[in-house]
Amino acid sequence: MPKGNSKYFPILSIIIDVVLLFNAFMTANYIVFHGKFPHPLFYYQLFVGWVLIWIVVAVHLKLYDLPRILYLDKIILKNIYAITIFVFVSSALIFLIINYKFSRLFFGLAITLFSIMLFLWNLMLVLLFKVYRKRGHNFRTIAIVGFNDQVAKYINEVLLIPENGYVISGIFGTNKPPKEWREFYKGSEEELVLFLENTKIDELLISLPGEQSVLMNYCISYADNHLIRVTIIPNFSGYLYQKFSIDYVLNIPILQLREEPLESISNRIMKRVFDIIFAALVIIFIASWLFPLLA
């Protein structure tokens, strides 16, 4: 979120979304109805309903929680998901509640225009934030406790990218960083306590082995008491190199080294439906003429 003005960003985003939806709504009106709704009261009530539905969907999916690391593809995919839910909910309500003969062309055109405007707005927003951060604004100060290969990769690919808006205040650890980052090195983990008491930071990145759990718990406790964000990179670099997911059994964290999609009943149902449909299409459109030909 924008530093200092984060509380205003969701309000501004909601206002912009409503403006975009209104523009799409009125543009579709001029294209389909030549500027005159056939049933004005119904369509204006529809617009109010659309605004309420969109705000609920957007807030529920956290569209207004702009991440620190901006990936345009993820933002666009989240908006596509939101628009899909918005379309289904709107269609269901129109079908169940309204007896008036509704223009499907207007509905499709308004949704299409709103989607295009929304994607363009998100593209412009991401570009603006990246340029703004490149110029040294909207930054977040971060201190790092523990240094290993995973931390080095995170520093190189995330923290040192100007578009992400990070400023490294210090690196603490027994392992010293390479020469090009030596300016950030402030000492061992034990010197972190004095540093935290005399320096204001926004985020604390921790990557410590299990035997330093006392120091890790102190850092987390200190951060909680001083409103500092905590990011933890698990120190598995010595023996774990592949992706994993975390599940909990009775509050005990369990690492799973690979996902098993067919463990989900919904995925099994979808796969079974796909198999049946695909097999039927093959039988109808291919096997129906291929097998007699082979025979």
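Anyway, here's the lowdown on the structure attached to this text. (Residues numbered from 1 in each chain as written. Predicted model: local features only at pLDDT ≥ 70, side-chain atom pairs only at ≥ 80, totals over all residues. Heavy atoms only, no water.)

What the protein chain contains, in helices and strands, is eight helices and seven strands. Per-residue burial for the protein chain yields a buried fraction of 36% across its 295 residues. Here the contacts in the protein chain between residues at least 6 apart in sequence split such that 68% fall between residues at least 24 apart. When the accessible surface of the protein chain is summed, it comes to about 19100 Å², and 65% of that surface belongs to carbon and sulfur atoms. (Helix = DSSP H or I, 4+ residues; strand = E, 2+ residues; numbered from the N terminus. Buried < 20%, exposed > 50% of the residue type's maximum accessible area, 1.4 Å probe, protein only. Contact = heavy atoms within 4.5 Å. Areas by Shrake-Rupley, 256 points an atom, 1.4 Å probe, with all protein chains shown as cover.)

The next point concerns the sheet that holds strand E5 (residues 229-232). Working definition: the strands of a sheet are paired by backbone hydrogen bonds and lie parallel or antiparallel to each other. Strand order in the open sheet made by the five strands is E3-E2-E1-E4-E5, with parallel pairing throughout. The open sheet is flanked by strand E3 (185-187) and E5, the only strands paired with a single partner. Here the strands of the sheet are splayed against their neighbours by 25 degrees on average, with no regard to which way each runs. The pairing of strand E2 (residues 166-172) with E3 spans two bridges and is parallel. Looking across to E3, one finds that isoleucine 171 is bridged to tyrosine 185. (Pairing = 2+ DSSP bridges. Axes fitted to C-alpha atoms, helices over the stretch in contact; angles between N-to-C directions.)

The subject of this paragraph is the environment of valine 87. Looking at where valine 87 falls in the secondary structure, it is placed in helix H3 (residues 72-97). Along the chain, valine 87 and isoleucine 53 lie 34 residues apart, while their C-alpha atoms are 9.7 Å from each other. Discounting residues that sit within four places of it in the chain, valine 87 has contacts with Phe107 and Ile111.

Successive side chains on a regular strand alternate, one facing one side of the sheet and the next facing the other. The buried count for E2 comes to six of seven residues, which makes it a mostly enclosed element. Sheet topology note: the strand E1 (residues 140-145)/E2 ladder contains six bridges and is parallel. Among the inter-strand pairings, isoleucine 144 is bridged to a residue of E2, identified as isoleucine 171.

By the definition in use, this model includes 21 aromatic pairs. Seen in terms of ring centroids, phenylalanine 25 and phenylalanine 37 are 5.5 Å apart; in terms of plane orientation they differ by 50 degrees. Their pairing is tilted. In this pair, phenylalanine 25 is assigned in helix H1 (residues 9-32) and phenylalanine 37 in the loop between H1 and helix H2 (40-60), connecting sequence segments twelve residues apart. Here phenylalanine 25 and phenylalanine 37 have matching classes, each one buried. Where phenylalanine 86 meets phenylalanine 114, the ring centres are 6.4 Å apart and the plane angle is 55 degrees; that geometry is what we call tilted. Highlighted residues: phenylalanine 86 in helix H3 and phenylalanine 114 in helix H4 (residues 104-134), separated in sequence by 28 residues. Given the relative accessible area of 0%, phenylalanine 86 is considered buried. (Phe/Tyr/Trp six-rings, centres within 6.5 Å; stacked < 30°, edge-to-face > 60°.)

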